[in-house]
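Geometric and topological summary
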Amino acid sequence: MNRGPVSQLTSGKLHSKPIASAALDHDANSFMNHWQKMNASVTVPHIFSKLYDLSYISNLAAVVDPSLKRKGMWFSDSDVFKSLEAAIWASQHDASLLQKIKFDEILQIISRAQDPDGYINSWFQIEARDQQWKDLASGHEMYTAGHLIQAGVAESRVLGKGKLFDVSVKFADLLVKKFGGDTPYAADGHPELETALIELYRETENQAYLKLSEKMLEGRGTGYISSQNTGRFHPSPPVYIQDHMSIRESAHAVGHCVRQMYLNMGVLDLFMETEDKALLDIQEKMWEDSTYTKMYLTGGVGSRHRDESFGDPFELPNDRAYAETCASIAYYMWNWRLLLATGNKRYADLMEQLCYNLIAGSTSQDFKRFFYSNPLHRRADHLAAFDEESSERMDWYRVSCCPPNIGRLVASIEHYAVSENPTEVLVHQFLHGDFASDTNQPWKISAMTSYPHSGSLKLDIKEFGEQVLKVRIPQWCKSFQAVVNGKKVDSPTVEGGYLALKSCKSGDQIEITFAMEFEYVYPHELLDASRGMVAVRRGPEIYALDQSWNSPDVLVEHLKIIADSKFKSEITKDPNGIEFTKVTVNGSYLDLERSGPSYTTDSASPSAQPVELVLVPYSRWGNPVTGGMRVWIPRVN
Ligand SMILES: [Zn+2]
């Protein structure tokens, strides 16, 4: 048994459910396997060294030790709890991790910091006791509680119920007592507690947590949360805090992206436990709104730095993209819930797009530096006014929500790959490892692949019963070949975009090859920011024209691409020895004065010389940043 997030669903009518056991092979020389290994041995320890150095952990100790001074943001405890969740999932990949980060000592500190009634939030406990629960719009008390509860659930699933789980339950019980039942409505301006409470319900079967989550979700849009604003932290207009509209009417993705996505996770969790179809229907409408008109090609969401928010449809500036790492991680987690609820392949396709582009690009190849904001165009002479728009990946941020989020997703990524129902086993994501069920129809599959570098997937069927094995055919794939026990399948059955292997049995050896070709991607006519440009894609990976891979004499911003030119590809290796494909295409170099002026009445084109452009996967750009980068590249007319 090896359970991950969202693994204890109680509802009976979902399309499929997570499986009991999944584990990646860390000796495999493939992108995600290596990343998960390094996440446990490098990223999570790095995060904890920051939590120690910057007083995040001593802030909690300071609750009962007046000799310590509290420092940092009022919601800093949330990063401790989210990092603990990451460490617990990752402890399965590095046996020394918990000792390395002094896990038991941190749990002691948290336990001592908890008030007798269950409350814990070091900022309010130290700085403003009399302000507890008085600024629900932006105080983040429930948001922080949500991350505590998710860490407690992770502890229960991986290590067994211990101190963290006990602290979580005690706080959750306080929340139920204070805000549940017939008490006046209350919820937090930063959604997160809703999804966490339903996970706790799954772990405990205590209906009170589900009911409280439902109450908090259903009351949104009444303006109550907006009214609970002391002005102490920051202004909170209703749309920014997801209090502008009922979740039953909300078909458009708006406001702060991470808050919208965490709220959506809660709504889908509520649907999955109550089977109230209206909730699913409206959420699927929102998915179309956000994915079709408000999402970048790399899987980023958030067009505006102001309020970290969604923009209007097709408002997708490449250079000023906010595209926070956390937003795409939450989008990934929301899509997993949509996939389990519906079985619609489009959600699995999008998870792949998010994973191998924006999410993968957020982390440096030494695994201890991260992007907060993930633009699709970085100018060589970019000036960052705030740390979240830095040109380089940074080892920490003033608001450092993203690194722990990367840590917890990568540490549990294998749990988002395969699902099952009584008649089907569904392989959604292609990861090198072992997957198994412990239902009354046991099965076990070993998967071998170096995806996304290669489109080849081998499945070794160790054990199988009466179910149909289904393997997702990626949305980008134009042709594929399936071979079972050395024999090519002549007329493969495809159902709902999945290859259906109806007579799969124990001992079968299956080889599926998705043809991976380079291709050009064109923007929608209304996508003004990318009009006249093209992007390059190979399989699930979007490519970037990155100065690091081109001559310093050929500035990226002076380059145009000949969009019908042939691709010349070459396999290369990253610093970790993981293979990937770089590509060269023909283009031209514009002879330009960089000093302007910015406009002229002269319609003549500048002189241009032929040149070759080198592109690499967006996930590899800027290691290190040596100049400009762009995903959408202007075309030679
Ligand atoms: Zn973040």
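Scroll up to find the structure.
Note that the structure is a prediction, hence the values are computed from the model and not measured.

1. A look at the overall build of the protein chain
Counting its secondary structure elements, the protein chain contains 16 helices and 23 strands. A principal-axis box enclosing the C-alpha atoms of the protein chain has dimensions of 70 × 65 × 45 Å. Scored against the burial criterion, the 637 residues of the protein chain give a buried share of 64%. Considering only residue pairs separated by 6 or more positions, the protein chain has 71% of its internal contacts joining residues 24 or more positions apart. Only carbon and sulfur atoms are counted for the fraction: they give 50% of the accessible area of the protein chain, which is about 23,600 Å². Across the protein chain, the centroid of the 65 positively charged side chains sits 1 Å from that of the 81 negatively charged ones.

2. Things to note about the nonpolar core
The tendency in soluble globular proteins is for nonpolar side chains to be buried side by side. Counting residues in each nonpolar core, the largest one holds 170 residues, and the members touching the most others are Leu84, Phe435, Leu469 and Val471. With near-sequence residues (within four places) excluded, phenylalanine 435 lies in contact with Ile19, Ser21, Ala22, Leu24, Glu414, Ala417, Val418, Trp443, Lys444, Ile445 and Ala447. Within the second largest apolar cluster, 20 residues are counted, among which are Leu358, Val625, Met629 and Val631.

3. A look at the coordination of the zinc ion
Distances from the zinc ion to its protein donors, Glu324 (OE), Cys326 (SG), Cys401 (SG) and Cys402 (SG), fall within 2.0 to 2.3 Å. Around the zinc ion, the 4 donor atoms are arranged such that angles at the metal cover 95 to 122°; this shape is classified as tetrahedral. Coordination of the zinc ion draws on donor residues from a single chain, spaced E-x1-C-x74-C-C in sequence. A relative accessible area of 10% places cysteine 401 in the buried class.

4. Topic: helix α7 (residues 141–158)
Over its 18 residues, α7 runs 26 Å from end to end, which matches the ideal 26 Å to within 8%, given 1.5 Å per residue. The element α7 is largely enclosed, with a buried count of 17 among its 18 residues. Two residues or fewer after α7 comes glycine 160, characterised by a positive phi angle close to 95°.

5. Considerations on the pairing of strand β9 (residues 468–472)
With respect to burial, β9 is a largely interior element, 5 of its 5 residues being buried. Residues Val468, Lys470 and Arg472 line one face of β9 and the alternating positions Leu469 and Val471 line the opposite face, and both faces are buried. Where β9 meets strand β13 (residues 498–501), 4 bridges bridge the pair, whose relative direction is antiparallel. Each residue of the ladder has a partner; that of valine 471, found in β13, is leucine 499.

6. Quick word on the packing of helix α1 (residues 31–53) against helix α3 (residues 76–90)
Where α1 contacts α3, the axes come no closer than 10 Å and their chain directions differ by 155°. When the axes of α1 and α3 are compared, the pair comes out roughly antiparallel. The element α1 and its partner α3 pack so that their crossing is left-handed. Taken together, the residues of α3 that come into contact with α1 (itself represented by Asn39, Ala40, Val44, Ile47, Phe48 and Leu51) are Asp79, Val80, Ser83, Leu84, Ala86, Ala87 and Ala90.

7. Topic: the environment of histidine 252
One can find histidine 252 in the loop between α11 (224–227) and α12 (257–274). Residue class for histidine 252 comes out partly exposed when judged on its relative accessible area of 49%. Separated by 206 residues in sequence, histidine 252 and histidine 46 place their C-alpha atoms 38 Å apart. Ignoring sequence-local partners within four residues, the contact set of histidine 252 consists of Gln260, Met286, Asp289 and Lys294. Engagement of the side chain of histidine 252 in a polar contact is seen with the side chain of aspartate 289, the distance being 3.3 Å.

8. Things to note about the packing of aromatic side chains
This structure, assessed with the given rule, holds 30 aromatic pairs. Each ring, one from tryptophan 74 and one from phenylalanine 75, has its centre 4.9 Å from the other, and the planes form 80°; the classification is edge-to-face. This pair shows no difference in class: tryptophan 74 is buried, exactly as phenylalanine 75 is. With a centroid separation of 5.0 Å and 90° between ring planes, the pair formed by phenylalanine 430 and tyrosine 451 is classed as edge-to-face. Of this pair, phenylalanine 430 sits in the loop between β5 (424–427) and β6 (433–436) while tyrosine 451 sits in the loop between β7 (444–449) and β8 (456–463), and the two are 21 residues apart along the sequence. A residue is classified by how much of its surface remains accessible, and phenylalanine 430, at 1% relative accessible area, is buried. Look at tyrosine 451 and you get buried, because its relative accessible area is 3%. Through pairs of rings, three or more aromatic residues link up here, namely Phe31, Trp35, Tyr356, Phe430, Tyr451, Trp476, Phe480 and Phe514. One cation-aromatic arrangement involves lysine 102 over tyrosine 52; the distance from NZ or CZ to the ring centre is 5.9 Å. The cationic tip of arginine 393 hangs over the ring face of tryptophan 621; the distance from NZ or CZ to the ring centre is 6.0 Å.

9. Overview of the side chain of asparagine 121
By the element assignment, asparagine 121 lies in the loop between α5 (103–113) and α6 (122–127). Dropping the residues within four chain positions of it, asparagine 121 is found in contact with Trp74, Asp77, His140, Glu141 and Thr144.

10. Details of the packing of α1 against helix α15 (residues 345–361)
The geometry of α1 relative to α15 is characterised by a closest axis approach of 13 Å and an angle of 40° between their N-to-C directions. Crossing geometry of α1 relative to α15 is assigned as left-handed. Contacts between α1 and α15 involve Phe31, Met32 and Trp35 on the former and, on the latter, Cys355, Tyr356, Ile359 and Ala360.

11. Section: the pairing of β6
The two faces of the sheet receive side chains in turn, since in a regular strand these alternate between them. Direction of pairing for strand β2 (residues 21–24) relative to β6: antiparallel, over a ladder of 4 bridges. Of the residues in β6, the one forming a bridge with serine 21 is alanine 436. In terms of strand pairing, β6 meets β7 through 4 bridges, oriented antiparallel. Paired with phenylalanine 435 across the two strands is isoleucine 445, which belongs to β7.

12. Observations concerning the sheet that holds strand β12 (residues 493–495)
Spatial ordering of the open sheet is given by β1-β4-β5-β9-β13-β12, a layout of 6 strands whose pairing is mixed. Each having just a single partner strand, β1 (17–18) and β12 make up the two edges of the open sheet. As paired elements, β5 and β9 share 4 bridges and run parallel to each other. The partner of valine 425 across the bridge, within β9, is leucine 469. Sheet contacts for α15: β9 and β13; angle to β9, the most-contacted strand, approximately 50°.

13. A look at the pattern of salt bridges
By the definition in use, this model includes 42 salt bridges. A salt bridge links arginine 304 to aspartate 312; its shortest N-O distance comes to 3.4 Å. For arginine 304, a relative accessible area of 31% corresponds to the partly exposed category. Its salt-bridge partner being glutamate 424, residue lysine 470 comes within 2.7 Å of it at the nearest N-O pair. Here lysine 470, found in strand β9, pairs with glutamate 424, found in strand β5; they are 46 residues apart in sequence, far enough to count as distant. Accessibility assignment for this pair places lysine 470 and glutamate 424 in one class, buried. Each of the salt bridges in this network shares a partner with another, and the network as a whole consists of Arg3, Arg157, Glu199, Arg202, Glu203, Asp269, Glu273 and Arg337.

Scoring rules and cut-offs
Residues numbered from 1 in each chain as written. Predicted model: local features only at pLDDT ≥ 70, side-chain atom pairs only at ≥ 80, totals over all residues. Heavy atoms only, no water. Helix = DSSP H or I, 4+ residues; strand = E, 2+ residues; numbered from the N terminus. Buried < 20%, exposed > 50% of the residue type's maximum accessible area, 1.4 Å probe, protein only. Contact = heavy atoms within 4.5 Å. Areas by Shrake-Rupley, 256 points an atom, 1.4 Å probe, with all protein chains shown as cover. Lys, Arg positive; Asp, Glu negative; His and termini not counted. Charge placed at Lys NZ, Arg CZ, Asp CG, Glu CD. Core = buried A, V, L, I, M, F, W, Y, C linked by side-chain atoms within 4.5 Å. Donors = N, O, S within 2.8 Å, 3.2 Å for Na, K, Ca; no water. Tetrahedral: all angles 85-135°; square planar, octahedral: opposite > 155°, others 65-115°. Expected span 1.5 Å × (residues − 1). Pairing = 2+ DSSP bridges. Axes fitted to C-alpha atoms, helices over the stretch in contact; angles between N-to-C directions. Parallel < 35°, antiparallel > 145°, perpendicular 65-115°, else oblique. Left-handed = near helix turned anticlockwise from the far one by under 90°. Polar contact = N/O pair within 3.5 Å; in protein donor to acceptor, adjacent residues only side chain to side chain. Phe/Tyr/Trp six-rings, centres within 6.5 Å; stacked < 30°, edge-to-face > 60°. Lys NZ or Arg CZ within 6 Å of the ring centre and 35° of its normal. Salt bridge = Lys/Arg side-chain N within 4 Å of Asp/Glu carboxyl O.

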